[in-house]
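Working through the structure, step by step
What follows is each chain in one-letter form.
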Amino acid sequence: MLAAVDHVQLAAPPGSEDTLRAYYVDVLGMTEIPKPPVLAARGGCWFRAGAVQLHLGIEEDFRPARKAHPGLRVREIEAYAARLAAHGALVTWDDSLPGHRRFYSEDPVGNRLEFLDTVRPSGRGV
């Protein structure tokens, strides 16, 4: 029986770790977590914010995920979108999911990311 999602893995091109660290730590506000040594030898990096973990693995023939994406819940979504935009990240709002405010963005290697917040009847996020 499934109990929870442990992590989501995205791919990244070789040599992109420093760029990924700058984005996932400085822009998204995540914390880098150490990879086990046997896995660290493969490159890539892992990040955490609360119970959310994103793993970025190196893929030699990398192509960014354009449709597939993690859906990341955020609080104060307008402020979070402004934070990303202030760091130069593209923010594309999408109002087609009832009961939610959400936007899409991309990490520096082109992986699609969705950020969403549940909307209360008053129109504010939960």
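Remember, predicted model here, so these are calculated numbers, not experimental data.

1. Points about the pattern of salt bridges
Considering all chains together, one arrives at seven salt bridges under this definition. A salt bridge links arginine 21 to aspartate 18; its shortest N-O distance comes to 3.2 Å. Remark: aspartate 18 and arginine 21 occur in helix H1 (residues 17–27); sequence separation between them is three residues, near one turn of the helix. For glutamate 32, the salt bridge identified is with arginine 21, shortest N-O distance 2.8 Å. One end of the pair, glutamate 32, is in strand E2 (residues 31–33); the other, arginine 21, is in helix H1, and eleven residues separate them in sequence. Arginine 21 gets classed as partly exposed once you look at its relative accessible area, which sits at 27%. The network of salt bridges with common partners includes Asp18, Arg21 and Glu32.

2. Re the layout of surface pockets
Here the largest pocket is characterised by a volume of approximately 360 Å³. In this structure, the largest pocket is lined by 14 residues; those nearest its centre are Ala49, Val52, Arg73, Val74 and Arg75. Sorting the residues of the lining of the largest pocket by element identifies strand E4 (52–58), strand E5 (71–73) and strand E8 (112–118) as the ones contributing at least two each. The space that makes up the second largest pocket amounts to roughly 170 Å³. Forming the walls of the second largest pocket are Val5, Asp6, His7, Val8, Ala51, Val52, Gln53, Leu54, Pro70, Gly71, Leu72 and Arg73. Looking at the lining of the second largest pocket, the elements that each hand over two or more residues are E4 and E5. A class-by-class count of the residues in the lining of the second largest pocket yields seven nonpolar, three polar and two charged.

3. Details of the nonpolar core
For soluble globular proteins, nonpolar side chains are generally found buried alongside one another. One finds Tyr24, Leu28, Leu56, Leu84 and Phe115 to be the most contacted residues of the largest nonpolar core, which totals 25 residues. Residue assignment for this core shows that the elements contributing at least two residues are strand E1 (8–12), H1, strand E3 (45–49), E4, helix H3 (77–86) and E8. Among all residues touching leucine 28, those that are not within four sequence positions of it are Tyr23, Tyr80, Arg83, Leu84, Leu113 and Phe115.

Conventions used here
Residues numbered from 1 in each chain as written. Predicted model: local features only at pLDDT ≥ 70, side-chain atom pairs only at ≥ 80, totals over all residues. Heavy atoms only, no water. Salt bridge = Lys/Arg side-chain N within 4 Å of Asp/Glu carboxyl O. Helix = DSSP H or I, 4+ residues; strand = E, 2+ residues; numbered from the N terminus. Buried < 20%, exposed > 50% of the residue type's maximum accessible area, 1.4 Å probe, protein only. 1 Å grid on protein atoms, 1.4 Å probe; cavity = no way out; pocket = protein on both sides within 12 Å on 5 of 7 lines; lining within 4 Å. Points joined across faces, edges and corners; volume = space filled by probe spheres on them. Nonpolar A, V, L, I, M, F, W, Y, C, P; charged D, E, K, R; others polar. Core = buried A, V, L, I, M, F, W, Y, C linked by side-chain atoms within 4.5 Å. Contact = heavy atoms within 4.5 Å.

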